[in-house]
Amino acid sequence: RIRAAKAPMMIQPFMPSICEEGELSVFLFNNEISHAVEKKPKHDDYRVQAQNGGVFKTIDHPTKEVLDLARAAVAACPEQPIHARVDMIRN
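Please read these numbers as outputs of a predicted model, since none were measured by experiment. (Residues numbered from 1 in each chain as written. Predicted model: local features only at pLDDT ≥ 70, side-chain atom pairs only at ≥ 80, totals over all residues. Heavy atoms only, no water.)

**Brief notes about the overall build of the chain**
Item 1. Each helix and strand in the chain was counted, giving 2 helices and 4 strands.
Item 2. The order of helices and strands in the chain, counted from the N terminus, is α-β-β-β-α-β.
Item 3. Its C-alpha atoms give the chain principal-axis dimensions of about 45 × 40 × 20 Å.
Item 4. The burial tally for the chain puts 27% of its 91 residues in the buried class.
Item 5. Across the chain, contacts joining residues at least 24 apart in sequence account for 45% of those joining residues at least 6 apart. (Helix = DSSP H or I, 4+ residues; strand = E, 2+ residues; numbered from the N terminus. Buried < 20%, exposed > 50% of the residue type's maximum accessible area, 1.4 Å probe, protein only. Contact = heavy atoms within 4.5 Å.)

Spelled out as structure tokens, the structure:
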């Protein structure tokens, strides 16, 4: 009998800044930055997904601070992933 793997779960606190500033996602492959995407919710919402009215914008040149934080997040993993997405929300 084959058992299905449990889906990973993420729980995070609500951050009010997501409503005004949205979030930034940085994509890495083999620990090299591929690209970054800014995601903002529609007015009076907190959800950044396109199906909920969120707007995506590619960031061609993320700041050094953003790149350093993304690399530090990946470095904290017990095993180095082949690919990773690091989501950032200003606190």
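**A few points about the side chain of Lys-39**
Item 1. Inspection of the secondary structure assignment puts Lys-39 in strand E2 (residues 32–40).
Item 2. Classification of Lys-39 by relative accessible area gives buried; the value is 8%.
Item 3. A polar atom in the side chain of Lys-39 sits 2.8 Å from the side chain of Ser-25.
Item 4. In this view, Lys-39 contacts Glu-21, Gly-22, Glu-23, Ser-25, Val-48, Val-55, Phe-56, Arg-85 and Asp-87; residues no more than four positions away in its chain are not counted. (Polar contact = N/O pair within 3.5 Å; in protein donor to acceptor, adjacent residues only side chain to side chain.)

**Things to note about the pattern of salt bridges**
Item 1. Per the counting criterion, the structure on display carries 5 salt bridges.
Item 2. Between Glu-23 and Lys-39 there is a salt bridge; the shortest N-O distance is 3.1 Å. With Glu-23 in strand E1 (residues 23–29) and Lys-39 in strand E2, this residue pair connects regions lying 16 residues apart in the sequence. Lys-39 matches Glu-23 in its accessibility class, with the two residues each being buried.
Item 3. One salt bridge connects Asp-87 with Arg-85, and the closest N-O pair in it is separated by 2.7 Å.
Item 4. By relative accessible area, Asp-87 is classed as partly exposed at 34%. (Salt bridge = Lys/Arg side-chain N within 4 Å of Asp/Glu carboxyl O.)

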